[in-house]
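Geometric and topological summary
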Amino acid sequence: MEHRVTSGTAHDANGTRFAVVGISNIPTDWARVFSSLADTDLTIDPAPGGFSALLAAPSPAGAAGGATGSARGGDAPVGHAPVGPRSLSTTPPSVLSLNAYLMYALGKAARRRLTEKLSAHGLRLWHLTVMAMVADLGPQMKTVLASRLDMNASDLVKIVNDLVKTGHLDCARDPADRRRVVVRLTAEGRSFLARLNADIASADDDILAPLSEEERDVLASLLRRVHRHLEPAPAGVVHEHPRYETPARAGSVEDGRIDWTRPAEEIARFVEDRLHLFPTAYTHHDGRRLELLTARVSDGTYSGAPGLVLHGEDEGVVIVTGPTAATGAGPGLVLGRLRAEGGREVSAEEYFPSAGALLADRP
């Protein structure tokens with residue numbers, strides 16, 4: 001039978017298989033062409049409905065069409081390239097009962113989506129991680145940053161240099177010790193990180209689409225608990241919502257209330273001690289309860305009314321504290337991570353984009 005195009009597979013009487021593709025600008029008797037090339041008798045079996053056929057070699061006994069093979073040639077009209085085989089990829093049902101496998105597979109899919117989001121901004125995962133660490137814990141030396149991230153120091157320098165070039169980070173002398181150079185998040189970097197986090201959140205919506213909001217909250221809590229088990233001291237940025245955590249000790253609501261007239265050192269210890277208790281250390285802003293998850297004592301001194309929110313040039317969001325707050329004789333409290341009403345966890349810079357707010361121990 002003559003066609004301009006044919007394709008498929010064939011095998012000879014000895015069982016040797018090979019693929020065949022024929023293209024011509026005139027109708028061609030491909031059986032004769034391939035018979036000559038293979039030095040054996042080949043015939044083309046016409047497919048129903050006028051479609052292109054596959055090649056077949058007669059069996060040793062001479063039976064027509066002893067065996068045929070296919071590269072989906074019988075599925076494609078003459079003159080069209082054959083369609084590739086459908087993917088047979090599947091997950092063995094037995095491994096779906098292995099949590100470690102499920103976390104690996106889901107993590108792989110999540111990383112791919114996260115990488116796509118970051119690539120759209122010209123970034124890699126390490127760029128996000130470094131910016132987030134500086135935003136959460138404030139300015140820090142490169143050696144400290146590399147240690148906290150368990151990252152090779154030379155690799156960290158490359159990432160920091162990338163972010164300095166884009167204006168998201170800068171490196172400056174530590175006001176408390178001019179011998180030290182610290183990495184800081186710039187104002188532009190802080191705004192960019194907030195936009196980036198909002199963009200990345202859409203990847204969460206994609207991955208967790210089958211889950212309700214309630215189920216997502218429970219999943220997030222369980223993942224944080226497992227993360228804390230595997231990494232017991234991850235620089236103080238993994239937190240449980242008390243709704244889903246069994247507190248080490250449940251007490252009165254008064255137990256977590258912050259008194260801003262106390263020294264910054266005392267409040268910082270109080271915040272750390274209450275992190276896994278209920279209630280967590282908390283204060284109020286505009287009548288709403290605000291939980292403090294991470295905080296540290298400032299390097300500089302600040303003055304004002306106790307509870308006043310300031311923006312330190314090198315330290316981020318700082319709260320004026322202590323009995324000597326009016327004179328500025330003592331340090332303040334640098335806020336790291338906060339949890340607003342409803343359970344949303346944010347950085348202090350995101351929650352307080354400007355200075356001037358006043359925190360209070362009562363609504």
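Residues numbered from 1 in each chain as written. Predicted model: local features only at pLDDT ≥ 70, side-chain atom pairs only at ≥ 80, totals over all residues. Heavy atoms only, no water.

**What to know about the overall build of the protein**
The helix and strand tally for the protein stands at nine helices and 16 strands. The 363 residues of the protein split such that 36% are buried. Restricting the contact set of the protein to residue pairs at least 6 apart, pairs at least 24 apart contribute 52%. (Helix = DSSP H or I, 4+ residues; strand = E, 2+ residues; numbered from the N terminus. Buried < 20%, exposed > 50% of the residue type's maximum accessible area, 1.4 Å probe, protein only. Contact = heavy atoms within 4.5 Å.)

**Quick notes on the packing of helix 2 (residues 99–119) against helix 6 (residues 187–207)**
At a minimum axis separation of 10 Å, helix 2 and helix 6 run at an interaxial angle of 150°. What the angle tells us is that helix 2 and helix 6 run roughly antiparallel. Handedness of the crossing formed by helix 2 with helix 6: right-handed. Listed contacts from helix 6 to Ala110, Arg113, Leu114, Lys117 and Leu118 of helix 2 are Leu196, Asp199, Ile200, Ser202, Ala203, Asp206 and Ile207. Among the residues forming the contact of helix 2 with helix 6, the class breakdown is seven nonpolar, one polar and four charged. (Axes fitted to C-alpha atoms, helices over the stretch in contact; angles between N-to-C directions. Parallel < 35°, antiparallel > 145°, perpendicular 65-115°, else oblique. Left-handed = near helix turned anticlockwise from the far one by under 90°. Nonpolar A, V, L, I, M, F, W, Y, C, P; charged D, E, K, R; others polar.)

**Details of the sheet that holds strand 12 (residues 309–312)**
Strand order in the open sheet formed by four strands is 11-14-13-12, and the pairing between neighbours is antiparallel. Each edge of the open sheet is held by one strand with a lone partner, namely strand 11 (295–301) and strand 12. Pairs of neighbouring strands in the sheet enclose a mean axial angle of 45°, with direction left out of account. Two elements, strand 11 and strand 14 (residues 331–335), share four bridges in a ladder whose sense is antiparallel. Its bridge partner lying in strand 14, Thr301 is registered against Pro331. (Pairing = 2+ DSSP bridges.)

**Considering the pattern of salt bridges**
If you walk through the whole model with that rule in mind, you get eight salt bridges. Here Arg113 and Asp206 are joined by a salt bridge, their closest N and O atoms 2.7 Å apart. Note that Arg113 is positioned in helix 2 and Asp206 in helix 6, a separation of 93 residues in sequence. Residue Arg113 is classed as partly exposed on the basis of its relative accessible area of 27%. Of the charged contacts, one joins Arg262 and Glu266 as a salt bridge, the two residues approaching to 2.9 Å between their closest N and O atoms. Through salt bridges that share partners, Glu291, Arg337, Arg339 and Glu345 make up one connected network. (Salt bridge = Lys/Arg side-chain N within 4 Å of Asp/Glu carboxyl O.)

**Remarks on the packing of aromatic side chains**
Under the criterion given, the structure shown has two aromatic pairs. Both rings, one in Tyr101 and one in Tyr104, keep their centres 6.3 Å apart while their planes meet at 55°; by these two values the pair is tilted. Here Tyr104 and Tyr101 lie together in helix 2, a separation of three residues that amounts to about one turn. Accessibility expressed as a relative area gives 52% for Tyr104, which makes it exposed. Aromatic side chains Tyr351 and Phe352 sit 4.8 Å apart centroid to centroid with 75° between the ring planes, which places their arrangement in the edge-to-face category. Directly above the aromatic system of Tyr282 lies the positively charged group of Arg289, at a separation of 4.0 Å from the ring centroid. (Phe/Tyr/Trp six-rings, centres within 6.5 Å; stacked < 30°, edge-to-face > 60°. Lys NZ or Arg CZ within 6 Å of the ring centre and 35° of its normal.)

**Considering helix 3 (residues 125–137)**
Helix length check: helix 3, at 13 residues, gives a terminal C-alpha distance of 18 Å against a target of 18 Å (1.5 Å per residue), a fit within 8%. Burial in helix 3 covers these residues: His127, Leu128, Val130, Met131, Met133, Val134, Ala135, Asp136 and Leu137. The positive-phi residue at the C-terminal boundary of helix 3 is Gly138, with phi of around 85°. (Expected span 1.5 Å × (residues − 1).)

**Details of the sheet that holds strand 15 (residues 337–339)**
Strands sit in the order 9-10-15-16 across an open sheet of four strands; the sheet is antiparallel. Two strands bound the open sheet, and with one partner strand each, they are strand 9 (282–285) and strand 16 (345–347). On average, each strand axis in the sheet is inclined to that of its neighbour by 35°, with strand direction left out of account. Bridging between strand 15 and strand 16 involves three bridges; their strand directions are antiparallel.

**Examining helix 5 (residues 153–165)**
Between its terminal C-alpha atoms helix 5 stretches 18 Å, which fits the 18 Å expected from 13 residues at 1.5 Å a residue. Within helix 5, burial applies to Leu156, Ile159, Val160 and Leu163. An end-on view of helix 5 places all buried positions within 100° of arc, on one side of the element. Opposite its buried face, helix 5 presents the exposed residues Lys158 and Lys165, each directed more than 90 degrees away. A positive phi of about 85° marks Gly167, the residue just after helix 5. (Arc of directions from axis to C-beta.)

**Describing the confidence of the model for the protein**
Per-chain confidence: the protein averages 76 in pLDDT, with 68% of residues scoring 70 or above. Ignoring residues within four places in sequence, the model shows residues 233–250, a span with pLDDT below 50, making 47 contacts including any to other chains. (pLDDT = per-residue confidence, 0-100.)

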